Amino acid sequence: MNSSVRTPAAPGAAAARKLARAVQRVTSTALGPYQSAVVRIGFSLTWLLFLLCEYPHRHELYGPDGPWSWDMAQKLIANNHAFTALMWSQSPVWFEIVYGLAIVSAALLMLGWRTRTMSVLFMIGVLSLQNRSIFMGDGGDNVIHLMAIYLVLTRCGQVWSLDARRDARRADRVGPVLWGALGACLAALTFTGELSGGWLLIFWGLLVVHALWWAAGRYAPGHPRVLLDVIANLLHNAGLFVIMAEVCLVYATAGWYKIQGSRWQDGTALYYPLHLDYFSPWPGLSGLLASSGVIVMLLTYGTVAVQVAFPFTLFNRRVKNVLLAVMIAEHAAIAVLLGLPFFSLAMIAADAVFLPTGFLRRVGRWAARGRARVLGRQDDADADADADADVAPRKQPRQQEQVRTLVE
């Protein structure tokens, strides 16, 4: 008798092991570090460019000279309880301070300097300006509005940030000072009654969480810090999943609504915006494109097909990557043909959450080498490339790094 015959595994043993590996992966690792970084850079850059471009018109858009008056905004916010720091004072000086802080926070978040702090300030800047004059935005502004909130939940500074380059062995003195100053401002707002309700709980909750994080890292680096890391990873992964779901929802609803339109059904929908002066920064190019009925029909039907099909391709990596490239090219064309650069940049930044990890890492190495050539420091480029190729996998084993169905 052969005593080495293997006993059949229990029916649920394999499923239990897969479930255990999935739980371990979600709790021990902040997935998609490159995807969350490119989303952070993309949205902060889009918002920064928009604020700088509209700087001469800032008073008409969000300030005291806008058509949406202070009294009208106050009545609306009293009903929908939206957050905006611009309603704390009618002073033009206060408006300039808020607008300036929005620019600074967007620039620092893009660079990845104190990303935890800057993500909160970035959200405050976006909500303050957009909620002050809600009828000034378009679809791109709505996406920025949502992503500014979701980014607070993510650990978006793991790579491609100044935080990632900072020596972790050195004590962080700037972070506690920043959060101490924010805490003092929050206490003053609470005392004066300018901030109340749900937003008051949210901001105090963020302050307490970051205080616990700092205290655990300094005084309890053992199990308490491990527990906080697990919670942070769960929040990050949940936030990244919500961003992905939001992008799919945007495309699915846009595509299915287009299907119900008669102009989309007969293939002529693209013809009409190409003949509107407001959406024709290049009249000659728009006229040339609109002159071909076949091209207009193909682009109209292709837009609907890609938007409807994209959410269903997430579980096929190759098809998903092809449609992703098509959608990015489509938004780039919208930026040029229809004169909507910020809408297109916002949508491209949202699409970037699905870019393959390998592609993003190659882009990072190319950027590091290009920067080093410009600065004449090739050794730094090689060091950055080696760090990018070596450190990130150490933080994320291969089976944890590749979320094949979504981010690969």
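Before reading on, note that the structure itself is shown above.
Residues numbered from 1 in each chain as written. Predicted model: local features only at pLDDT ≥ 70, side-chain atom pairs only at ≥ 80, totals over all residues. Heavy atoms only, no water.

Quick look at the pattern of salt bridges
Point 1. Counted under the stated rule, the structure contains 5 salt bridges.
Point 2. Notably, a salt bridge pairs Arg58 with Glu96, separated by 3.1 Å at the nearest N-O pair. With Arg58 in helix 3 (residues 58-61) and Glu96 in helix 5 (residues 92-111), this pair connects stretches of sequence that are 38 residues apart.
Point 3. What makes Arg58 buried here is its relative accessible area of 12%.
Point 4. For Asp229, the salt bridge is made with Arg225, and the minimal N-O distance between the two is 3.9 Å. Here Asp229 pairs with Arg225, and both are found in helix 11 (residues 223-259), just 4 residues apart, close to one helical turn.
Point 5. Judged by its relative accessible area of 24%, Asp229 is partly exposed.
Point 6. A relative accessible area of 23% means that Arg225 is categorised as partly exposed.
Point 7. Salt bridges sharing partners connect three or more residues here, namely Arg155, Arg225 and Asp229. (Salt bridge = Lys/Arg side-chain N within 4 Å of Asp/Glu carboxyl O. Helix = DSSP H or I, 4+ residues; strand = E, 2+ residues; numbered from the N terminus. Buried < 20%, exposed > 50% of the residue type's maximum accessible area, 1.4 Å probe, protein only.)

Focus on the packing of aromatic side chains
Point 1. Overall, the coordinates contain 16 aromatic pairs when judged by the stated rule.
Point 2. Centre to centre, the rings of Tyr34 and Trp160 are 5.5 Å apart; their planes meet at 70°, and the pair counts as edge-to-face. Taken together, the residues Tyr34 in helix 2 (residues 33-53) and Trp160 in the loop between helix 7 (139-151) and helix 8 (162-165) connect sequence positions 126 residues apart.
Point 3. On the basis of relative accessible area, Tyr34 is assigned to the buried category, the value being 0%.
Point 4. The partly exposed category is assigned to Trp160, whose relative accessible area is 25%.
Point 5. Between Trp68 and Phe135 the ring centres are 5.0 Å apart and the planes differ by 70°, which places this aromatic pair in the edge-to-face class. (Phe/Tyr/Trp six-rings, centres within 6.5 Å; stacked < 30°, edge-to-face > 60°.)

Some thoughts on helix 10 (residues 198-219)
Point 1. For helix 10, which comprises 22 residues, the first-to-last C-alpha distance of 31 Å matches the rise-based estimate of 32 Å (1.5 Å per residue) to within 8%.
Point 2. If you check which residues of helix 10 are buried, you get Leu200, Phe203, Leu206, Leu207, His210, Trp213 and Ala216. (Expected span 1.5 Å × (residues − 1).)

Concerning the nonpolar core
Point 1. In terms of nonpolar packing, the biggest core is built from 66 residues, with Phe43, Trp47, Leu129 and Phe354 touching the most fellow members.
Point 2. For this core, the leading source of residues is helix 2, giving 9 residues.
Point 3. With residues up to four places along the chain from it excluded, the contact list for Leu129 reads Trp47, Leu51, Tyr62, Leu86, Phe95, Tyr99 and Ala102.
Point 4. Counting residues in hydrophobic clusters, the runner-up holds 6 residues, among them Ala290, Ile334, Leu337 and Leu338. (Core = buried A, V, L, I, M, F, W, Y, C linked by side-chain atoms within 4.5 Å. Contact = heavy atoms within 4.5 Å.)

A word on the side chain of Asn237
Point 1. Mapped onto the elements, Asn237 comes out in helix 11.
Point 2. For Asn237, a relative accessible area of 11% corresponds to the buried category.
Point 3. With near-sequence residues (within four places) excluded, Asn237 lies in contact with Val26, Thr29, Ala30 and Leu31.

Focus on the packing of helix 6 (residues 115-132) against helix 10
Point 1. Running from N to C, helix 6 and helix 10 point in directions that differ by 170°, and their axes come no closer than 11 Å. The pairing of helix 6 with helix 10 is recorded here as roughly antiparallel in orientation. Regarding helix 6 and helix 10, the two cross each other, and that crossing is left-handed. Across from Arg116, Val120, Met123, Ile124 and Leu127 in helix 6, the residues of helix 10 making contact are Trp199, Phe203, Leu206, His210 and Trp213.
Point 2. A class-by-class count of the residues in the contact of helix 6 with helix 10 yields 8 nonpolar, 1 polar and 1 charged. (Axes fitted to C-alpha atoms, helices over the stretch in contact; angles between N-to-C directions. Parallel < 35°, antiparallel > 145°, perpendicular 65-115°, else oblique. Left-handed = near helix turned anticlockwise from the far one by under 90°. Nonpolar A, V, L, I, M, F, W, Y, C, P; charged D, E, K, R; others polar.)

A look at helix 15 (residues 317-337)
One turn of an α-helix holds 3.6 residues; hence residues three or four places apart share an orientation.
Point 1. Its 21 residues place the ends of helix 15 30 Å apart at the C-alpha level, agreeing with the 30 Å of an ideal helix rising 1.5 Å per residue.
Point 2. When we look at burial in helix 15, the residues that qualify are Lys320, Leu323, Leu324, Met327, Glu330, His331, Ile334 and Leu337. Buried residues of helix 15, seen end-on, are gathered within an arc of 165° and therefore sit on one face of the element. Exposed side chains of helix 15 directed beyond 90 degrees from the buried face belong to Arg318 and Val322.
Point 3. For helix 15, the secondary structure elements touched by its buried residues are helix 11, helix 13 (283-290), helix 14 (293-309) and helix 16 (341-351).
Point 4. Looking one or two residues beyond helix 15, the residue adopting positive phi is Gly339, at roughly 65°. (Arc of directions from axis to C-beta.)

Looking at unusual backbone geometry
Point 1. Backbone geometry at His81 places phi at a positive 55°, although glycine is not the residue there.
Point 2. Mapped onto the fold, His81 is located in the loop between helix 4 (70-80) and helix 5.
Point 3. Assessed through its relative accessible area of 58%, His81 is described here as exposed.

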